[in-house]
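Here is how the chains run, residue by residue.
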Amino acid sequence: MGEEVINILYVDDEVHNLNAFKASFRRNFNVFTAESAKDAIAILREQEINIIITDQRMPVMTGIEFLESIIPNYPDPMRILLTGYADINAVIDAINKGQVYLYITKPWLDEELKINIERAFEVYSLRRKNKALNEQLLLVNGQLEFMLRQKLLS
């Protein structure tokens, strides 16, 4: 079994940050970039994204607002908030409203961010396996109930 490729969506209105991120991580991960929440949503519709990394300060919609807005349709990807300032209220909002897994300040350190992405993917994978096991359990329970009813009726 080969190692699974991690699909990352990085959202930032600053193109040089998108380019720097892609240059740093394209060898390790499958990187998608978006300059706005609108572009990011278009990518989410087309690709299975495992991890979303977004800048907080963007025009039109902040990173937290973007993350909060996609929860109903895209609840599974792990969320990482990147920001150039340490605003505790933004951190609290990110955790509460945007279901953020991790908060990282800019400029990021490549190795540290790489390790955090890998850890986030481990959590993503465990959640996905747990969801599949729960679905199997429901199916087996339904089959057992059916068999029991058949036995009781005969």
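Attention here is on the structure that accompanies the text. (Residues numbered from 1 in each chain as written. Predicted model: local features only at pLDDT ≥ 70, side-chain atom pairs only at ≥ 80, totals over all residues. Heavy atoms only, no water.)

## Notes on a nonpolar patch on the surface
Put simply, the rule reads: A residue counts toward a patch only above 30% relative accessible area and without a salt bridge, and it is joined to like-charged neighbours within 9 Å or, for Val, Leu, Ile, Met, Phe, Trp and Tyr, to nonpolar neighbours within 5 Å. Under the convention used here, a 1.4 Å probe and the Shrake-Rupley method define accessible areas, while residue burial counts only the protein chains that appear. A carboxyl oxygen of Asp or Glu within 4 Å of a side-chain nitrogen of Lys or Arg is what we treat as a salt bridge. Runs of E in the DSSP output that reach at least two residues are strands. Runs of H or I that reach at least four are helices, and both are numbered from the N terminus.
Taken together, Val140, Leu144, Phe146 and Met147 make up a surface patch of nonpolar side chains, about 400 Å² in accessible area. The topology assignment puts valine 140 in helix α5 (residues 110–153).

## Overview of the nonpolar core
The cut-off we apply is this: The definition of a nonpolar core used throughout is a set of buried Ala, Val, Leu, Ile, Met, Phe, Trp, Tyr and Cys residues joined through side-chain atoms within 4.5 Å. Working definition: with a 1.4 Å probe on protein chains only, accessible area under 20% of the residue-type maximum means buried, over 50% means exposed, and in between means partly exposed. What makes two residues a contact is simply this: any of their non-hydrogen atoms within 4.5 Å.
Counting residues in hydrophobic clusters, the biggest one holds 20 residues, and the most contacted among them are Ile8, Phe21, Ile51, Ile53, Trp108 and Ile117. Secondary-structure elements contributing two or more residues to this core are β1 (7–11), α1 (15–25), β3 (51–55), β4 (78–83) and α5. For this core, the element with the highest residue contribution is α5, accounting for five residues. Those residues in contact with isoleucine 53 that sit more than four places away from it in its chain are Ile8, Leu9, Tyr10, Val11, Phe21, Ile80, Leu82 and Ile117.

## Remarks on α1
What counts is decided by this rule: Comment: arc refers to directions from the helix axis out to C-beta atoms.
For α1, the full list of buried residues reads Asn17, Leu18, Phe21 and Phe25. The buried side chains of α1 occupy one side of the element, clustering within an arc of 100° when seen end-on. Each element contacted by the buried residues of α1 is listed here: β1, β2 (30–34), β3 and α5.

## Let's talk about the pattern of salt bridges
Any two side chains of opposite charge can pair, given that their charged atoms come close. For the structure on display, the rule yields six salt bridges. Salt-bridge contacts for glutamate 4 lead to arginine 128; the nearest nitrogen and oxygen are separated by 2.8 Å. Here arginine 128 lies in helix α5 and glutamate 4 lies in the segment before β1, a separation of 124 residues in the sequence. You can call glutamate 4 partly exposed: its relative accessible area is 45%. In this structure, glutamate 48 and arginine 128 form a salt bridge, with 3.4 Å as the shortest nitrogen-oxygen distance. With glutamate 48 in the loop between α2 (37–46) and β3 and arginine 128 in helix α5, the pair connects residues that are 80 residues apart, well separated along the chain. Judged by relative accessible area, arginine 128 falls into the partly exposed class, the value being 31%. Overlapping salt bridges, with partners in common, bring together Glu4, Glu48 and Arg128 in one network.

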